[in-house]
Protein chains: 2
Amino acid sequence: MAARDYGQYSGVTRALELVGERWAMLIVRDLLVGPRRYGELASGLHRIPSNILAARLKELQAAGVIRRAPRSRVIVYELTPYGRELEPVVLALGAWGFKALDDPRDEQLVTPESMTMDLRTAFRPLVAAALPATAYAAHLGSSELLIRVDGAALDVSQGEGAADLAFTAGPDILRLISGELAPALALSTGAIRVLDGRRDLLDRFASTFHLAA
Amino acid sequence: MAARDYGQYSGVTRALELVGERWAMLIVRDLLVGPRRYGELASGLHRIPSNILAARLKELQAAGVIRRAPRSRVIVYELTPYGRELEPVVLALGAWGFKALDDPRDEQLVTPESMTMDLRTAFRPLVAAALPATAYAAHLGSSELLIRVDGAALDVSQGEGAADLAFTAGPDILRLISGELAPALALSTGAIRVLDGRRDLLDRFASTFHLAA
DNA sequence: CCGCATCCCATGTGATACTG
DNA sequence: CAGTATCACATGGGATGCGG
């Protein structure tokens, strides 16, 4: 499965030969959140055919971007140090694509991994540093994201935890971040529902995470 | 030609739907150097089939990344303002891929556009600011690149011009930039040949443009 | 069940030829 | 010069199978 060659000797072509195939960059994106098992990758990228996932994992290993690592009886895939250096690429790509998001369609999901990277992309450390430390719990369908902001530091993890504000988050959460949907409107229309905590903290969330279109 | 959908509502997937197809990012890279005609793009990306180039140009227009513009009797393609915002993505991708370059193969070309973007990627403004203003003329096969460094500013253009140092540049020029090939060695082996100017200016070039593997 | 491998078909890609 | 048309082939997508 030789990566198809562009016939040029340059940085961009080399990069695209290594991670330019369909789905490859999304595997990298999800692994930037943390090591993942095969099945976790498959469900996070729910439309990827299993043969393609298997093929990409092999190619990315051969390219030195990811590695298979045994973790107490099970195999996980993780980024190599060189693979982790793709983070600026993924963040830049995410910031650019974020501005081109139109209204979400019904079939479109927000996965914990995509949401985590979108949050990292939209995080404004300078704004956050001026605000009190805050923890948010975002319920995305079946999974929960714990978003802890403390000064200029951001930590996003999956699972339960104490939070100042808990809310349900569908795709519209990204429209909140883009400023296209005001917090008050999101609450009044029910696009976002607060489960626990002070509703006005959603304003703080929206100013902490913002990426204008 | 609907861009195939990843089924996710996120920044990275949206970006990849717009510019993730094969060859698309390379068209963007070349247009970051300046507006180009169809034939110029085709020869800069010499392995692209003409039907694929035509298809990509249409898709990128539909995506709002590029536009057709009439320039005194001829049509050129140029980036839209939104397309120009891909520059950080291309530079990050180039910097990452640059480190994975192995030895050049005979079939691999260095085009003026790829070289221009690689130079922008490897440019070290802080180093350059401490050096005298210098102009380099790099002969790449049939074309010539005029590289002007003045303080922390870099300007790369195609065509002739007065230069402090003129040299021939094959693919090995990138190995010089990566530090894999020392200037003295490049000169003694003939990998790089100085046509005009002080040979020791090649050291200055190598310290101005550097991206370690 | 998880982690893939196989099969088959739709679509995208690549090389070449061709046209306004 | 700036694309379009055609066709063989490689790749992607979806379903299914299967060993550990």
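Placed above this text is the structure.
Quantities reported herein were computed from a predicted structural model and do not represent experimental measurements. (Residues numbered from 1 in each chain as written. Chains lettered and ligands numbered in written order. Predicted model: local features only at pLDDT ≥ 70, side-chain atom pairs only at ≥ 80, totals over all residues. Heavy atoms only, no water.)

Draft legend 1. Expanded view of the protein's contact with DNA strand C. Taken together, 20 residues lie near DNA strand C, and Gly-39, Ser-50 and Tyr-77 of chain A together with Arg-22 and Arg-56 of chain B sit nearest. Considering the 4 Å shell around the protein, atoms of DNA strand C inside it are sugar or phosphate in 65% of instances. At 3.1 Å, a side-chain N or O of Arg-4 of chain A approaches a sugar or linking oxygen of DNA strand C. Take Arg-22 of chain B: an N or O atom from its side chain is 2.6 Å from a phosphate oxygen of DNA strand C. Sorting the residues of the surface near DNA strand C by element identifies helix 3 (38–44) and helix 4 (50–62) of chain A together with helix 4 (50–62) of chain B as the ones contributing at least two each. (Near = heavy atom within 4 Å. Polar contact = N/O pair within 3.5 Å; in protein donor to acceptor, adjacent residues only side chain to side chain. Helix = DSSP H or I, 4+ residues; strand = E, 2+ residues; numbered from the N terminus.)

Draft legend 2. Geometry of helix 1 (residues 11–19) of chain A. Of all 9 residues in helix 1 of chain A, 9 are buried, a share of seventy percent or more. Listed in full, the buried residues belonging to helix 1 of chain A are Gly-11, Val-12, Thr-13, Arg-14, Ala-15, Leu-16, Glu-17, Leu-18 and Val-19 of chain A. Buried residues in helix 1 of chain A make contact with helix 2 (24–33) and helix 4 of chain A together with helix 2 (24–33), helix 6 (87–98) and helix 7 (112–122) of chain B. (Buried < 20%, exposed > 50% of the residue type's maximum accessible area, 1.4 Å probe, protein only. Contact = heavy atoms within 4.5 Å.)

Draft legend 3. Examining the pattern of salt bridges more closely. Residue and element names in this part refer to chain A. For the structure shown, the criterion picks out 32 salt bridges over all chains. Measuring nitrogen to oxygen at the nearest pair gives 4.0 Å for the salt bridge that ties Arg-56 to Glu-21. One end of the pair, Arg-56, is in helix 4; the other, Glu-21, is in the loop between helix 1 and helix 2, with 35 residues separating them in the sequence. According to the relative accessible area criterion, Arg-56 is buried, its value standing at 9%. Overall, the relative accessible area of 22% leaves Glu-21 in the partly exposed class. (Salt bridge = Lys/Arg side-chain N within 4 Å of Asp/Glu carboxyl O.)

Draft legend 4. Highlighting the sheet that holds strand 4 (residues 143–150) of chain B. Residue and element names in this part refer to chain B. Taken in spatial order, the 5 strands make up an open sheet running 5-4-3-6-7, and their pairing is mixed. Two strands in the sheet have a free side with no partner beyond their single neighbour: strand 5 (153–158) and strand 7 (192–197). In this sheet, neighbouring strand axes are inclined to one another by 20° on average, regardless of whether the strands run parallel or antiparallel. Pairing between strand 3 (residues 134–140) and strand 6 (residues 165–169): 4 bridges, direction parallel. Among the inter-strand pairings, His-139 is bridged to a residue of strand 6, identified as Thr-168. Strand contacts of helix 11 (residues 201–208): strand 3, strand 4, strand 6 and strand 7, with the helix running at about 90° to strand 3, the strand carrying the most contacts. (Pairing = 2+ DSSP bridges. Axes fitted to C-alpha atoms, helices over the stretch in contact; angles between N-to-C directions.)

Draft legend 5. Broad picture of the relation of the copies chain B and chain A. Between chain B and chain A, the superposition needs a rotation of 180° and an axial shift of 0.0 Å, giving an RMSD of 0.0 Å. The superposition operator between the copies reduces to a two-fold rotation axis. Considering only C-alpha atoms, the residue of chain B closest to the rotation axis is Val-89 of chain B, which sits at 2.9 Å. Here 100% of the contact residues of chain B are again contact residues in chain A; the copies associate through an equivalent surface. (Least-squares fit on C-alpha atoms with pLDDT ≥ 70 in both.)

Draft legend 6. Representation of the protein's contact with DNA strand D within the structure. Surrounding DNA strand D, one finds 20 residues, the nearest of these being Arg-22, Trp-23 and Arg-56 of chain A together with Arg-37 and Ser-50 of chain B. Note that a base oxygen of DNA strand D is positioned 3.0 Å from one of the side-chain N or O atoms of Asn-51 of chain A. One nitrogen or oxygen atom from the side chain of Arg-56 of chain A is found 2.3 Å from a phosphate oxygen belonging to DNA strand D. Counting only elements with at least two residues in the surface near DNA strand D, the list comes to helix 4 of chain A together with helix 3 (38–44) and helix 4 of chain B.

Geometric descriptors of this kind do not, in isolation, establish any biological role.
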